[in-house]
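This is what each chain is made of:
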Amino acid sequence: MQKTINIQNKKARFEFEILDKYVAGIQLTGTEIKSIRQSKARITESFCEFNERGELFVVNMYIEEYMYGNHYNHKPKSERRLLLNKKELKSLKKDVDQKGNTIVPLRLFINDNGWAKLEIALAKGKKIHDKRETMKDRDNKRDLARIKKNFNS
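Per-chain numbering applies: the sequence of each chain, read as written, is numbered from 1 onward. This being a predicted model, a pLDDT of at least 70 is required before a residue's local features are given, and a value of 80 or more before pairs of side-chain atoms are given or counted; all residues contribute to the totals for chains, interfaces and linings. Note that the side-chain values use all heavy atoms of the structure and ignore hydrogens as well as water.

What am I meant to see in the overall build of the chain here?
Only DSSP runs of H or I with at least four residues qualify as helices, and only runs of E with at least two residues qualify as strands; both kinds are numbered from the N terminus onward. What the chain contains, in helices and strands, is 4 helices and 9 strands. Along the chain direction, N to C, the helices and strands of the chain fall in the order β-α-β-α-β-β-β-β-β-α-β-β-α. The principal-axis extents of the C-alpha atoms in the chain amount to approximately 60 × 45 × 25 Å. Burial classes follow relative accessibility: with a 1.4 Å probe on protein chains only, a residue under 20% of its type's maximum area counts as buried, one over 50% as exposed, and anything between as partly exposed. Counting over 153 residues, the chain shows a buried share of 33%. In this description, contact between two residues means that some pair of their heavy atoms is separated by no more than 4.5 Å. Nonlocal contacts in the chain, meaning residues at least 24 apart in sequence, comprise 66% of its contacts between residues at least 6 apart. Looking at the chain as shown, the accessible area adds up to about 10,700 Å², and 49% of this sits on carbon and sulfur atoms. What sets the accessible areas is the Shrake-Rupley method with a 1.4 Å probe; for residues, cover comes only from the shown protein chains.

Printed below as a string of structure tokens:
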């Protein structure tokens, strides 16, 4: 039985306001998928962008080299193409052209069929006061949970 792979980008939810979510496939080579199955990947500093042909790529996603890959190994930080429907790509392209919108990866996972998927989100950057409000809400929830735990004990 293989363990479930669920690599998250917690920083994205703090830095950005999530507007819409999509699940995209990733075009990978053999050694890349083997490294992902060993949880040797990071998406914290990655982002998505369109090329001149209208294809969507994830940039700066780190996938560690496969230990047994020898000279067939991949580059750890190469661009990887995301696989979406044409309708979804057009919609995303139109939304990204608006000022302040970007596409950020939220979660890298392997679905039930064994395919690597990337949950991406159309997002808008938060202002500093919004980030402070997020931290304040998080602290309040933590304090409330602590009080409830002590009260129930």
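How should the environment of Val 58 be read in this particular structure?
By the secondary structure assignment, Val 58 is in strand β5 (residues 56-59). As a C-alpha pair, Val 58 and Ile 103 span 45 residues in sequence and 9.2 Å in three-dimensional space.

Before we go on, may I ask you to explain the environment of Ala 12 in this structure?
Inspection of the secondary structure assignment puts Ala 12 in helix α1 (residues 10-15). Of the residues examined, Ala 12 reaches a relative accessible area of 3% and is grouped as buried. Distance from Ala 12 to Pro 105, taken between C-alpha atoms, is 7.7 Å for residues 93 residues apart in sequence. Contacts of Ala 12, omitting those with residues within four sequence positions, involve Val 104, Pro 105 and Leu 106.

Teacher, can you tell me more about helix α2 (residues 30-37) here?
In an α-helix, one turn spans 3.6 residues, which is why side chains three or four residues apart end up on the same side. Looking at α2, one finds that the buried residues are Thr 31, Glu 32, Ile 33, Ser 35 and Ile 36. Here the buried face of α2 lies against β3 (41-42), β6 (62-63), β7 (80-83), β8 (101-110) and β9 (116-125).

What is the right way to read the pairing of β5 from this model?
The alternating pattern of β5 places Leu 56 and Val 58 and Phe 57 and Val 59 on opposite faces, both of which are buried. Pairing between strands requires that DSSP locate at least two bridges from one strand to the other. Where strand β4 (residues 47-50) folds back on β5, the antiparallel hairpin that results is connected by 5 residues, among which Gly 54 adopts a positive phi of roughly 85 degrees. When β5 meets β7, the two strands line up antiparallel, connected through 2 bridges. Paired with Phe 57 across the two strands is Arg 81, which belongs to β7.

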